[in-house]
Amino acid sequence: ETFGVKLHGTFEVDFEGFEDVIDLLGGVEVTFDKSEANYMNKYTEKATRTFVAGTYNLAGNEALAYARMRYVGGDTTRTLRQRIILGKIFDKCHDMSPMQLYKLMEKMLPLVTTNLTNGQIMSYAAQLLPMLSSLKMETNSRVPMEGSYQMCMINNMSVLVADLDANRKMLEELMQ
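Quick caveat, the model's predicted, so the values are computed rather than measured. (Residues numbered from 1 in each chain as written. Predicted model: local features only at pLDDT ≥ 70, side-chain atom pairs only at ≥ 80, totals over all residues. Heavy atoms only, no water.)

Below, the discussion takes up the environment of L80. On the secondary structure map, L80 appears in helix 4 (residues 74–94). Between the C-alpha atom of L80 and that of S141, which follows or precedes it by 61 residues, the distance is 9.9 Å. (Helix = DSSP H or I, 4+ residues; strand = E, 2+ residues; numbered from the N terminus.)

Printed below as a string of structure tokens:
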């Protein structure tokens, strides 16, 4: 709504559902640098291990802490981490058989809010499954796009004020 871009199908998941989706997939593999590992040790709820720089298969609660990490690298780095997690989810699904994907969808659909009917979702899935191995995920873009915003202080908060027209145009091009 902010950008005036029409989306024809949306999926939303809350934090608990996000954790459950990651756990259904058997976790996601992520590589931490030292500062990310230190953050994870300090802020991961229900932590069952100590992190150092390296690669880990993250459980749902750990992946959520990683995706929400705010104070290591700033907001653009946080959104990069979120795109990394989405990419890892895509990669795991990309390697599944149609039957595995169908079973996963059955378990995931109750965890998401969508404006699509189950029939629409199954119809889209039937169209996409045959070409799944050739699908790619585009993660190069972010909103607001580079060079299209100003950093401002509003009510003692650091805020990105976006050029709505420039970002609307970029989003429309991505959606084609």
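Alright, that's what it looks like, and here's the rest.
This part covers the nonpolar core. Membership of the largest hydrophobic core comes to 26 residues, with the highest contact counts inside it found for V28, F32, L58, Y66 and I85. Of all the elements in the fold, those that place two or more residues in this core are helix 1 (15–24), strand 2 (28–32), helix 2 (34–43), strand 3 (54–58), helix 3 (60–68), helix 4 and helix 5 (98–108). With 5 residues, the single largest contributor to this core is helix 3. Sequence-distant contacts of L58, defined by excluding residues within four places in its chain, comprise I22, G27, V28, V30, F32, R49, F51, A63 and Y66. (Core = buried A, V, L, I, M, F, W, Y, C linked by side-chain atoms within 4.5 Å. Buried < 20%, exposed > 50% of the residue type's maximum accessible area, 1.4 Å probe, protein only. Contact = heavy atoms within 4.5 Å.)

Let us now look at the pattern of salt bridges. Applying the stated rule across the entire model yields 3 salt bridges. Here E62 makes a salt bridge to R49, at a shortest N to O gap of 2.7 Å. Note that E62 is positioned in helix 3 and R49 in the loop between helix 2 and strand 3, a separation of 13 residues in sequence. For E62, a relative accessible area of 5% corresponds to the buried category. On the basis of relative accessible area, R49 is assigned to the partly exposed category, the value being 31%. Ionic pairing is found between D165 and R168, a salt bridge with its closest N-O pair at 2.6 Å. Separated by 3 residues within a single helix, D165 and R168 lie in helix 7 (residues 164–174), roughly one turn from each other. According to the relative accessible area criterion, R168 is partly exposed, its value standing at 23%. (Salt bridge = Lys/Arg side-chain N within 4 Å of Asp/Glu carboxyl O.)

Tracing the sequence through the fold places Y71 in the loop between helix 3 and helix 4. On the accessibility criterion, Y71 (70% relative accessible area) is exposed. Along the sequence, Y71 and E36 sit 35 residues apart, while their C-alpha atoms lie 9.3 Å from each other.

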